[in-house]
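Close look at the chain arrangement
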Amino acid sequence: MPTLRQCLKRPESYLAAVLLLLVLAGVDATREPSHQFTARAYVGAVEAYQRYLRPASSMIFQCRYRPTCSEYSRQAVARHGIATGLRLTWNRLVSCRSSVALGTLDPVPGAPTK
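Reference entry: report on the structure contained in this document. (Residues numbered from 1 in each chain as written. Predicted model: local features only at pLDDT ≥ 70, side-chain atom pairs only at ≥ 80, totals over all residues. Heavy atoms only, no water.)

**A look at the packing of helix α4 (residues 69-80) against helix α5 (residues 82-94)**
- Running from N to C, α4 and α5 point in directions that differ by 155°, and their axes come no closer than 7 Å. It follows from the interaxial angle that α4 and α5 lie roughly antiparallel. α4 and α5 meet at a crossing whose hand is right-handed. Each of Cys69, Tyr72, Ser73, Ala76, Val77 and His80 in α4 lies in contact with α5, whose residues at this interface are Ile82, Thr84, Gly85, Leu86, Leu88, Thr89, Arg92 and Leu93.
- Partitioning the contact of α4 with α5 into residue classes produces 8 nonpolar, 5 polar and 1 charged. (Axes fitted to C-alpha atoms, helices over the stretch in contact; angles between N-to-C directions. Helix = DSSP H or I, 4+ residues; strand = E, 2+ residues; numbered from the N terminus. Parallel < 35°, antiparallel > 145°, perpendicular 65-115°, else oblique. Left-handed = near helix turned anticlockwise from the far one by under 90°. Contact = heavy atoms within 4.5 Å. Nonpolar A, V, L, I, M, F, W, Y, C, P; charged D, E, K, R; others polar.)

**Notes on unusual backbone geometry**
- Going from arginine 66 to proline 67, the amide bond is cis rather than trans, its omega being -5°.
- Summarising the element assignment, proline 67 is placed in the loop between β1 (65-66) and α4.

**Brief notes about the pattern of salt bridges**
- Summed over all chains, the structure comprises 3 salt bridges.
- Residues aspartate 28 and arginine 31 are paired through a salt bridge, measuring 3.3 Å at the closest nitrogen-oxygen approach.
- Take arginine 31: its relative accessible area is 43%, and that puts it in the partly exposed class.
- We note a salt bridge from glutamate 71 to arginine 74, for which the minimum N-O separation is 2.6 Å. Of this pair, glutamate 71 and arginine 74 are both found in helix α4, 3 residues apart, which corresponds to roughly one turn of the helix. (Salt bridge = Lys/Arg side-chain N within 4 Å of Asp/Glu carboxyl O. Buried < 20%, exposed > 50% of the residue type's maximum accessible area, 1.4 Å probe, protein only.)

**Some details on the packing of aromatic side chains**
- Counting across every chain of the model gives 0 aromatic pairs.
- Over the aromatic face of tyrosine 72 sits the side chain of arginine 92, whose NZ or CZ is 4.3 Å from the ring centroid. (Phe/Tyr/Trp six-rings, centres within 6.5 Å; stacked < 30°, edge-to-face > 60°. Lys NZ or Arg CZ within 6 Å of the ring centre and 35° of its normal.)

**Description of the environment of proline 67**
- As for proline 67 and valine 77, which are separated by 10 residues in sequence, their C-alpha atoms are 14 Å apart.
- Excluding anything up to four places from it in sequence, proline 67 contacts Tyr72, Gln75, Arg92, Asp106 and Pro107.

Remember, this is a structural readout, not a statement about activity or role.
Laid out in structure tokens, this is it:
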């Protein structure tokens, strides 16, 4: 059996790779938000979602907040870094209830309001 196939059958290989990625992401999160690779990659992924998938998903559901949850997440990560930005995003998503009126203004902390 080829060596690569043997390595792929062993869970230690996957666990080591995941652990290494988590350590690198943790180290990257300690840097200034504008210099974080993980933050830039996340913002790029959100922008791709906004461009290609949001038009279709907006027919199914509507965000109750302004800015939308994806825009809030993009702004939070760009402004505060990956760790704090994702925490703020999580708190925003958890606070979404049917009792929240559509169009409720909830800007990113520290961001200028429009």
